[in-house]
Amino acid sequence: MNHKLPLICPNCSLVRIEVPLDESLVCSRCSATFPIVESFPILLEDKTIRTNLASGNELDGARVAFYQNDEGYMPISEPQPLLLSALSFSAGEGPVLEVGSGRGAFRNIAGDHVALDLSLAALRRNLAGHSGLCASADLIPLASASCRFVFSVQTLEHIPSTDRAFEEIDRVLAP
Ligand SMILES: [Zn+2]
């Protein structure tokens, strides 16, 4: 996990939740606790889901079960030239954020690539040892203007609140 990431609390939007307990982050404003599993902080808004994910309990409901299952994810073989070309023009500070990292095909696209995925299972299976966040695209737990490049492949069509996801991507992207 990249400890320099400017994480924000999905519960109260406090920038930089950095009160680390042994295996979790605690927000110094609202005291919400965010478990860390195999170096991936679970920065989801729903406390019940956070708790159950961290303890490995089964989750009910189709969309919720998705958190524990990445079998539907498309295998993507290699980065598209257009993406690499766009990345080469990125400037400024902050990491390269991938929204919906799935099977981790793009993990080596940049040295400071940060994977974000709703599925903790996908992160654990495909991005072990990599910098990653278990979070939703419509509530990205990073400070505004903190990423120099953001990309997403075969993800946005799966997000119910696409408009909100675009707003979040726009917010975290450095001007
Ligand atoms: Zn908070």
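Now for a description of the structure that goes with this document. Because the structure is predicted, anything quoted here is derived from the model rather than measured.

### Examining the overall build of the protein chain
Point 1. Broken down by element type, the protein chain carries five helices and eight strands.
Point 2. A sequence separation of at least 24 residues applies to 50% of the contacts in the protein chain between residues at least 6 apart.

### Description of the nonpolar core
Point 1. Counting residues in each nonpolar core, the largest one holds 34 residues, and the members touching the most others are Ile-42, Leu-43, Leu-116 and Cys-134.
Point 2. Breaking this core down by element, the ones donating at least two residues are strand E5 (96–99), strand E6 (113–117), helix H4 (120–126), strand E7 (132–134), strand E8 (149–151) and helix H5 (162–172).
Point 3. Residues within four places of Leu-43 in sequence aside, it is in contact with Leu-7, Pro-10, Phe-34, Leu-133, Cys-134, Ala-135 and Pro-141.

### What about H5?
Point 1. For H5, the full list of buried residues reads Ala-165, Glu-168 and Val-172. An end-on view of H5 places all buried positions within 60° of arc, on one side of the element. Away from the buried face of H5 by more than 90 degrees, exposed residues Asp-163, Glu-167 and Asp-170 are located.
Point 2. Each element contacted by the buried residues of H5 is listed here: E5 and E8.

### As for the sheet that holds E7
Point 1. The strand order across the open sheet formed by four strands is E7-E6-E5-E8, and the pairing between neighbours is parallel. Each edge of the open sheet carries a strand with a single partner, namely E7 and E8. Pairwise comparison of adjacent strand axes, ignoring direction, gives a mean angle of 20° for this sheet.
Point 2. The pairing of E6 with E7 spans three bridges and is classified as parallel. Of the residues in E7, the one forming a bridge with Ala-115 is Gly-132.

### Observations regarding the environment of Phe-149
Point 1. One can find Phe-149 in strand E8.
Point 2. With 23 C-beta atoms counted inside 10 Å, the residue Phe-149 sits in the buried group.
Point 3. A C-alpha to C-alpha distance of 8.0 Å links Phe-149 and Gly-94, two positions 55 residues apart in sequence.

### Side note on the environment of Leu-59
Point 1. Along the chain, Leu-59 turns up in the loop between helix H1 (47–55) and helix H2 (62–65).
Point 2. As a C-alpha pair, Leu-59 and Ile-49 span ten residues in sequence and 7.6 Å in three-dimensional space.

### Remarks on unusual backbone geometry
Point 1. Within the chain, Ser-31 stands out as a residue other than glycine whose phi angle is a positive 65°.
Point 2. Inspection of the secondary structure puts Ser-31 in the loop between strand E2 (24–26) and strand E3 (33–37).
Point 3. Of note in this structure, Ser-39 is not a glycine but carries a positive phi near 75°.
Point 4. When you line up the elements, Ser-39 lands in the loop between E3 and strand E4 (40–41).

Cut-offs and rules
Residues numbered from 1 in each chain as written. Predicted model: local features only at pLDDT ≥ 70, side-chain atom pairs only at ≥ 80, totals over all residues. Helix = DSSP H or I, 4+ residues; strand = E, 2+ residues; numbered from the N terminus. Contact = placed C-beta atoms within 7 Å. Core = buried A, V, L, I, M, F, W, Y, C linked by C-beta atoms within 7 Å. Buried ≥ 20, exposed ≤ 12 C-beta atoms within 10 Å, placed from the backbone. Arc of directions from axis to C-beta. Pairing = 2+ DSSP bridges. Axes fitted to C-alpha atoms, helices over the stretch in contact; angles between N-to-C directions.

Keep in mind that these numbers describe shape and distance, not what the molecule does.
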